[in-house]
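Here are the chains, one letter per residue:
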Amino acid sequence: MGRAFTAGLAVLAALTGCTVQTPGGEGERRSPVHIELPSGTPSQDRPPTGAGGTPRSAPPAGDDKPRAAPSPPRAAPSPPRVLWSRGDTGRDVRELQARLRQVAWLFEGPTGTYDEPTQRAVSGFQGKRGLPRTGKADAVTWQRLLAMTREPGRWDLYLMGGQPADPPDARCRSGRVLCIDKTSRTLRWMVDGRTVSTTEVRFGSRGTPTREGVFSVYWKSRDHVSTLYDSPMPYAMFFSGGQAVHFSADFAARGYAGASHGCVNVRDEAAIARLYAQVRNGDKVVVSW
């Protein structure tokens, strides 16, 4: 019967892939049956392994963990703040124009009005320095211009006139007076202490200065021509020797870059024409600093 039992085990081992082991030579008892599973067949009790034999966890059936949202596109930098543009007026615009004149981008003015020539000058300045050619004076353009120029003086700002008048001399506060101020370079036409009109004027050079004092108009000459200098003196109103208030085409063209031979030049022809029509012989003339 022992042989029959042993033969039965051998048949079972052959069918199941098992081997029968007998007791070892040291007397150690082993299990009479050792079952070997085919290689590569995972055990139900052991998790699958990855490379190198490390346990590998199966991916979860449903991964509902929120994914990180994509970063929003980076916003473009804001354009620099615009300080002045076409149509603006004022003292700051005068300074912009005066500085543009220093770097030879503007030849007119300063006028105090951001006009077409100013816009073209700003655009040209911007393009030369690699800035966007907007024609608008923004903060970046202004800082670049400041670094290249000096602070303009008073007559740099009012090279072509337009300066405010100083308060009138006390001697101008009564009667009909041509009140001429050398400090502010202005002429007020005043009647009984009231200013009727104001215009910018130019005076003589250091070699031929305009005289100061109180005078009166003694002669008017609508189409006068100087016999001494052979130059036109339209709307001339003489008040001291050969010195007169009159229109000057040179002043109109060059502004304060030039000077008279002692006369009081007016650059606005329409203004001097109106003044000439109102002033009478005998009206007072006050020239002061």
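This text gives an overview of the structure that appears in the document. (Residues numbered from 1 in each chain as written. Predicted model: local features only at pLDDT ≥ 70, side-chain atom pairs only at ≥ 80, totals over all residues. Heavy atoms only, no water.)

### Let's talk about helix 4 (residues 139–148)
Note that an α-helix has 3.6 residues per turn; residues three or four places apart therefore point the same way.
(1) Moving on: Along helix 4, the residues classified as buried are T141, W142 and L145. Burial along helix 4 is one-sided: seen end-on, the buried residues are contained in an arc of 95°.
(2) Moving on: Structurally, helix 4 contributes buried residues whose contacts are with strand 3 (82–84), helix 2 (91–102), helix 3 (116–128) and strand 4 (137–138).
(3) Moving on: A distance of 3.1 Å separates the backbone nitrogen of V140 from a side-chain oxygen at the start of helix 4, and that oxygen is part of D138. (Buried < 20%, exposed > 50% of the residue type's maximum accessible area, 1.4 Å probe, protein only. Helix = DSSP H or I, 4+ residues; strand = E, 2+ residues; numbered from the N terminus. Arc of directions from axis to C-beta. Contact = heavy atoms within 4.5 Å. Polar contact = N/O pair within 3.5 Å; in protein donor to acceptor, adjacent residues only side chain to side chain.)

### So, the state of the cysteines
(1) Moving on: On inspection of all chains with the given rule, the structure shows one disulfide.
(2) Moving on: The disulfide partner of C172 is C179, and the gap between their sulfur atoms is 2.2 Å. Here the S-S torsion is close to 80°, and the disulfide linking C172 with C179 is therefore right-handed. The burial state of C172 is the same as that of C179; both residues are buried. (Disulfide = S-S within 2.5 Å.)

### Quick word on the sheet that holds strand 9 (residues 219–225)
(1) Moving on: Read across the sheet, nine strands follow the order 8-13-5-6-7-12-11-10-9 without closing on themselves; strand pairing throughout is mixed. Edge strands, defined here as strands with exactly one partner in the open sheet, are strand 8 (213–216) and strand 9. Geometrically, the sheet is characterised by an average inter-axis angle of 30° between neighbouring strands, direction not taken into account.
(2) Moving on: One ladder, built from three bridges, connects strand 10 (residues 232–240) with strand 11 (residues 243–247); its direction is antiparallel. Across the sheet, S240 pairs through a bridge with Q243, a residue of strand 11. (Pairing = 2+ DSSP bridges. Axes fitted to C-alpha atoms, helices over the stretch in contact; angles between N-to-C directions.)

### Considering the pattern of salt bridges
(1) Moving on: According to the stated counting rule, one finds 12 salt bridges in the structure shown.
(2) Moving on: With a shortest N-O distance of 2.9 Å, R171 and D169 are connected by a salt bridge.
(3) Moving on: Given a relative accessible area of 38%, R171 falls into the partly exposed group.
(4) Moving on: With relative accessibility at 21%, the residue D169 sits in the partly exposed group.
(5) Moving on: For E212, the salt bridge is made with K182, and the minimal N-O distance between the two is 2.4 Å. (Salt bridge = Lys/Arg side-chain N within 4 Å of Asp/Glu carboxyl O.)

### Brief notes about the packing of aromatic side chains
Each pair of aromatic rings is reported with the distance of its centres and the angle of its planes.
(1) Moving on: Evaluation of the coordinates by the stated rule reveals seven aromatic pairs.
(2) Moving on: Ring geometry for Y218 versus F238: centroids 6.3 Å apart, planes at 45°, classification tilted. Highlighted residues: Y218 in the loop between strand 8 and strand 9 and F238 in strand 10, separated in sequence by 20 residues.
(3) Moving on: Judged by centre distance (5.2 Å) and plane angle (65°), the rings of F251 and Y256 are edge-to-face.
(4) Moving on: Among the residues examined, Y256 registers a relative accessible area of 12% and is labelled buried.
(5) Moving on: These aromatic residues form a ring-pair network of at least three members: W155, F251 and Y256.
(6) Moving on: Above the ring of F203, the side-chain terminus of K182 is found at 5.9 Å from the ring centroid.
(7) Moving on: A cation over an aromatic ring shows up here: K220 above the ring of Y276, its NZ or CZ 4.4 Å from the ring centre. (Phe/Tyr/Trp six-rings, centres within 6.5 Å; stacked < 30°, edge-to-face > 60°. Lys NZ or Arg CZ within 6 Å of the ring centre and 35° of its normal.)

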